[in-house]
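Now for the letters of each chain:
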Amino acid sequence: MNRRYSRLVVPHRAGDGTLVALLWTHAPLGFDESAGDLVAFFREAAAARDAGDALRRRRVRFALTTDIPERDPLEAYRAASRPFAVGRRFWLEPGEDGGGAVPDGRIALRVPASRAFGTGSHASTRLALEALEDEPLSGRSVLDVGTGSGVLALAAAALGARSVVGIDLDPDAVFVARGNAGSHAFGASVRLYAGVVAACGGRFDLVVANMLADEILAEARGIRLRVARRGRVLLSGITRDRETAVLSRMRSGRWKLAGRRTEEEWISLTLERAS
Ligand SMILES: C[S@@+](CC[C@H](N)C(=O)[O-])C[C@H]1O[C@@H](n2cnc3c(N)ncnc32)[C@H](O)[C@@H]1O
């Protein structure tokens, strides 16, 4: 990460709206007033100096630091991360440069920690990966709702799914997921879009959604509508206290519970559509 920024600190002036308005005209990245000082951040050092000149003309004291290297807060985590096994088939590589040799019989999923959720370090992702291993995916179509880093979409493709669509309402996540798909040979069969389930057409043999219970409940109807006859839904991200609410919404009429896994306080549920 080579980007740099500048920081201008006006001591003891937090909440000073006049100064904020003045600095605002020099296009800062943003302000921080949490520690009692007024701190403005600038991408361009020249803009920060111009802002400093404006303060000087008003005899306002300030401290300016330019060319500060921008640190990615996840850089240290990635450097310290080690690959780990999930389920019977997967080998998760959360580090920057992959993880060296992949154990025999395992499939490497390279999903470095990023602003998109889904490195495999969370129980809800692991539960979904383990449940995916039990699905007969070869030649099937899969929709991954809330794809995040794309980890589950990539796993489905790696397990032989014919076509995989991943969607996320966060466009940033989709950007990350596309990058992750590009670093896997099987990523070519994964299509990733920003959006919600209502914007998807077609029906899928399997719909996966690792989202919080409230997010699942809000999308329950849309998720069921996208499932083909005799298709299945794999839900994860549900805490024990919300299981009943999710089950009573999803398991009605021709839907029956086909699988359940738990880890810590997290639960995944697989449901099957009878016809
Ligand atoms: C817990 S993360 C799961 C990421 C990844 N699939 C995994 O298993 O690790 C949930 C993701 O769902 C997305 N999301 C939440 N509500 C959504 C919705 N209604 N439609 C699409 N994506 C949604 C969030 O932006 C987030 O990226």
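The numbering scheme is per chain: residues are counted from 1 as the chain's sequence reads. In keeping with the predicted nature of the model, local features appear solely for residues at pLDDT of at least 70, side-chain atom pairs appear and are counted solely at 80 or more, and the whole-chain, interface and lining totals rest on all residues. Each side-chain value is worked out from all heavy atoms of the structure, with water and hydrogens disregarded.

Caption draft 1: Looking closely at the site of the ligand. Nearness is judged by heavy atoms alone; a residue qualifies as near a molecule or strand once a single heavy atom is within 4 Å of it. Surrounding the ligand, one finds 17 residues, the nearest of these being Thr125, Gly146, Asp168, Asn210 and Glu219. In the environment of the ligand, an oxygen atom lies 2.7 Å from a nitrogen or oxygen atom belonging to the side chain of Thr125. In the complex, 88% of the free accessible area of the ligand, which totals 600 Å², lies under the protein chains. When atom positions are compared with the pocket grids, the ligand is found to occupy the largest pocket. The helix count covers DSSP runs of H or I at least four residues long, the strand count covers runs of E at least two residues long, and both are numbered beginning at the N terminus. Looking at the shell around the ligand, the elements with two or more residues in it are α5 (151-158) and α7 (213-225). Any pair of N or O atoms that falls within 3.5 Å is considered a polar contact. Within protein, one atom must be able to donate a hydrogen and the other to accept it, and sequence-neighbouring residues count only if both atoms are side-chain atoms. Only the protein chains shown count as covering a residue, and every accessible area follows the Shrake-Rupley method with a 1.4 Å probe. Think of a 1 Å grid over the protein atoms and nothing else: a 1.4 Å probe that fits but is trapped marks a cavity, an open set flanked by protein within 12 Å on at least five of seven lines marks a pocket, and residues with an atom within 4 Å of a point count as lining. Pocket or cavity membership: a molecule qualifies when more than half of its atoms sit within 2 Å of the grid points of that site.

Caption draft 2: Representation of unusual backbone geometry. Residue Asp67 is not a glycine yet carries a positive backbone phi of 55 degrees. Within the secondary structure, Asp67 is located in strand β4 (residues 63-69). Of note in this structure, Glu264 is not a glycine but carries a positive phi near 50 degrees. Within the secondary structure, Glu264 is located in the loop between β13 (255-263) and β14 (266-273).

Functional significance is not addressed by these values, which are geometric in nature.
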